[in-house]
Each structure stands twice: as structure tokens, then as C-alpha cells.
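One-letter residues, chain by chain:
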Amino acid sequence: MTTCFLPEGRLLHRPENIAACGDRESLARAMTAGTVLEGTALLCDEDHHLLVKVGPFQGRIPREETALGIAEGTTRDIAILSRVGKPVSFVVTGMEGDSLLLSRRRAQEMALGWFLDHWIPGQVVPATVTHLEPFGAFVDIGCGVPSMIGVERLSVSRIGHPSDRLRAGQEILAAVLSLDRELGRVVLTHRELLGTWAENAALFRPGMTVPGYVRGLKEYGAFVELSPNLSGLAEYRAGVREGDRVSVYIKSILPERMKLKLLIIDVLPETEGPEEPRYFVDEGTVLERWNYAPEGCRKAGGETVFSPGHSA
């Protein structure tokens with residue numbers, strides 16, 4: 001099941017949006033139908049109203065209509081200021097000459113209501129990263145409706161900060177972990193889309209030398225991440241620091257113990273930003289249960305059960 005309410009920026013250049021914003025008659029039809037459109041926020045004035053470019057026209061989003069929670073004081077004004085120069089979703093609520101009155105809040109209400117009515121736990125949905133904090137990644141799930149993926153749910157491999165895994169503006173997939181209709185909240189997870197231990201281990205073979213990232217150091221060795229959901233233990237090497245990008249030789253892969261034995265070969269130059277995630281599922285897939293550990297493995301692995309009654 002897909003959605004008609006996309007993260008902001010994904011509708012702006014689509015032919016249907018360009019056509020709907022192209023003339024007064026099309027905008028009038030969109031207003032009557034309550035169609036969600038997108039334009040670019042040109043500026044935020046001293047009263048925190050947004051001025052938006054809508055095709056050849058300009059529209060205004062009054063401060064209280066810029067986002068869910070602004071009028072109630074539960075959303076900070078940074079949610080308005082941070083939209084300048086970026087796409088914004090809206091519905092047209094009024095037309096006077098070439099001047100348009102718009103509401104982003106109304107578009108978000110429609111989107112959130114649709115998500116809560118149609119999405120189910122385990123459903124894989126699109127999202128766009130808006131900003132990163134030490135405790136997680138904030139994402140836009142549609143029309144600027146926010147959600148957050150906790151840092152512990154970004155991947156199986158532990159990371160020091162979400163910026164080790166994602167960047168602002170990145171388009172990603174996520175899975176619905178739970179829906180809270182009372183609070184109007186969608187809780188997401190990400191690690192389950194990055195593959196099980198076996199799926200990731202199948203990408204590698206003993207004897208290969210591959211790049212990885214040092215995610216932890218102990219007196220007995222270094223934990224090296226080969227992929228976001230796969231790490232192995234390398235022998236201690238002096239001078240290696242946590243966060244280093246290294247090349248490692250794969251000595252052995254042991255599915256029954258869920259282990260990889262590695263040997264650090266060299267420290268590699270840093271790359272610019274995190275790598276794009278490799279997903280093992282597609283958008284629209286609905287997951288019921290996810291087990292990280294291989295069948296018959298002696299060690300317990302992470303497990304997620306997606307169900308309507310699941311609480312994060």
C-alpha cells in the first residue's frame with residue numbers, strides 16, 4: 001500500500017504538481033478538491049508568515065497555518081524558519097487576484113490522518129531525514145509530518161551518532177513500528193530493513209579483504225562494521241581509533257556462532273558522509289516478524305514482532 005502524501009520535496013517537480021500550480025483555473029480546482037500541492041518557501045517575514053512561490057504565483061502561509069502544533073505552542077518556530085529555501089506542502093484555502101492563501105497545517109492534518117488510518121505496523125514507507133540529534137534521526141514521513149528513529153533502531157551495529165549512518169536531506173525507507181492514534185504519532189524503525197546476519201554475511205567470503213569502520217575498541221580487539229547490520233572482531237592493532245575506516249582481511253565466517261574473525265590490514269582515508277543504505281526489502285512491503293540471528297545459531301539475536309498491539 002503506497003501513500004499519496006509524500007515527504008516534502010518529492011512532489012515539487014512532478015508533472016501533476018506543476019500543472020496544478022500553473023494557472024488560476026487549475027489552482028481553483030485544487031482548492032475545491034483539497035489537493036495537496038508543493039511550492040518553495042521564499043522567505044519568512046518578521047511575523048513568521050511564510051511567503052511561498054507557487055508556479056508563477058505567490059502564496060502566504062500564516063504563522064498558525066505553517067505546521068501542526070504552532071498555534072497550540074507545542075511546535076517551536078524553528079519548524080517555520082527552517083523551511084525557507086525548501087519545498088513546502090500546502091493546500092490552497094483562498095484566492096484573491098494573484099494572491100493565494102495557503103495552509104501547510106491542513107496538509108499535515110490530512111496526511112497524518114491518512115497514515116493513522118491506512119498504515120499498519122511492519123509497513124515499509126518512504127521518509128526524508130530532516131535533522132539529526134545524538135539520540136536519533138528526525139524524519140519527514142509526508143507533508144512535513146515528523147517522526148523520529150531512535151539511534152538504537154538505525155542499525156544493528158552500534159554507532160556513536162546518527163550522522164555515522166545518515167545525513168540531513170537523505171531519502172530513506174523505514175518501517176512502521178507502532179501507531180498511536182491518541183497522541184497522533186507514528187513510531188518508526190530502520191534496522192530491520194538492512195538485512196539479517198545471514199543476508200549480510202552472504203555478501204562476504206573468507207579470504208576477501210574489504211573496507212569497514214571501527215565501532216568499538218577492547219583490550220582484546222576491535223569491532224569492525226562491514227555493513228550496518230554486520231560486524232566482526234579483529235585482532236588488536238596499535239594506533240587504530242574508534243571511527244577509523246580500515247581495510248580488513250576476513251579470516252573466517254561462523255554462522256553457528258554469528259561471528260566473523262577479521263584482521264586489520266590498513267587505515268583508510270575517510271569518505272565524505274555515510275554510505276547509502278543497502279535495503280533488503282522494498283517500499284510497500286509489510287513485515288510481520290524479523291529475526292536477526294540465523295536459524296540454529298547458538299547466540300540470541302535481535303527480534304522484532306510487528307503487530308497492531310505493538311508498543312515501542
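Here, every reference points to the structure presented above.
Presented here is a report on the structure given in the accompanying data block. (Residues numbered from 1 in each chain as written. Predicted model: local features only at pLDDT ≥ 70, side-chain atom pairs only at ≥ 80, totals over all residues. Heavy atoms only, no water.)

1. Points about a nonpolar patch on the surface
Moving on, step 1. Taken together, the side chains of Tyr 220, Phe 223 and Leu 233 make up a nonpolar region of the molecular surface, amounting to roughly 270 Å² of accessible area.
Moving on, step 2. Its place among the elements puts Tyr 220 in the loop between strand E11 (209-218) and strand E12 (221-227). (Patch = residues over 30% accessible without salt bridge, like charges linked within 9 Å, V, L, I, M, F, W, Y side chains within 5 Å. Areas by Shrake-Rupley, 256 points an atom, 1.4 Å probe, with all protein chains shown as cover. Salt bridge = Lys/Arg side-chain N within 4 Å of Asp/Glu carboxyl O. Helix = DSSP H or I, 4+ residues; strand = E, 2+ residues; numbered from the N terminus.)

2. Here we look at the sheet that holds E11
Moving on, step 1. The five strands lie next to each other as E11-E12-E13-E15-E14, forming a closed barrel whose pairing is mixed. The mean inter-strand angle of the sheet, taken between neighbouring strand axes irrespective of direction, is 50°.
Moving on, step 2. Across five bridges, E11 lies against E12 in antiparallel orientation. Residue pairing for E12: Leu 217 is matched across the bridge by Ala 222. (Pairing = 2+ DSSP bridges. Axes fitted to C-alpha atoms, helices over the stretch in contact; angles between N-to-C directions.)

3. A few points about unusual backbone geometry
Moving on, step 1. Backbone geometry at His 48 places phi at a positive 65°, although glycine is not the residue there.
Moving on, step 2. Judged by its relative accessible area of 22%, His 48 falls in the partly exposed class. (Buried < 20%, exposed > 50% of the residue type's maximum accessible area, 1.4 Å probe, protein only.)

4. So, helix H2 (residues 24-33)
For an α-helix, 3.6 residues make a turn, and residues three or four places apart therefore share a direction.
Moving on, step 1. Those residues of H2 lying buried are Ser 26, Leu 27 and Ala 30. One side of H2 holds all its buried residues, which, seen down the axis, span an arc of 100°. What points out from H2, more than 90 degrees from its buried face, is the exposed set Glu 25, Arg 29 and Thr 32.
Moving on, step 2. On the buried face of H2, the contacting elements are helix H1 (15-20), strand E1 (37-44), strand E2 (50-54), strand E3 (57-61), strand E4 (87-96) and strand E5 (99-103).
Moving on, step 3. Between a side-chain oxygen at the N-terminus of H2 and the backbone nitrogen of Glu 25 the separation is 3.2 Å; the capping residue is Asp 23.
Moving on, step 4. In the segment just after H2, Gly 34 is the residue with positive phi, at about 70°. (Arc of directions from axis to C-beta. Contact = heavy atoms within 4.5 Å. Polar contact = N/O pair within 3.5 Å; in protein donor to acceptor, adjacent residues only side chain to side chain.)

5. Remarks on the pairing of strand E6 (residues 124-133)
Moving on, step 1. In this sheet, strand E9 (residues 171-180) lies alongside E6 in antiparallel orientation, the contact comprising five bridges. Its bridge partner being in E9, Pro 126 is matched across the sheet by Leu 173.
Moving on, step 2. Of the strand pairs in this sheet, E6 and strand E7 (residues 136-140) are connected by five bridges, and their pairing is antiparallel. Bridge pairing in E7 places Thr 128 opposite Asp 140.
Moving on, step 3. Between the end of E6 and the start of E7, which pair antiparallel, lie two residues.

6. Some thoughts on the sheet that holds E2
Moving on, step 1. Spatially, the five strands close up into a barrel ordered E1-E2-E3-E5-E4, and their pairing is mixed. Taken over all neighbouring pairs, the strand axes of this sheet differ in orientation by 50° on average, direction set aside.
Moving on, step 2. Relative to E5, E4 runs antiparallel, the two being bridged by five bridges. By the bridge assignment for E5, Val 91 is matched with Ser 103.
Moving on, step 3. Its contacts with the sheet put H2 on E1, E2, E3, E4 and E5, and the angle it makes with E4 is roughly 100°.

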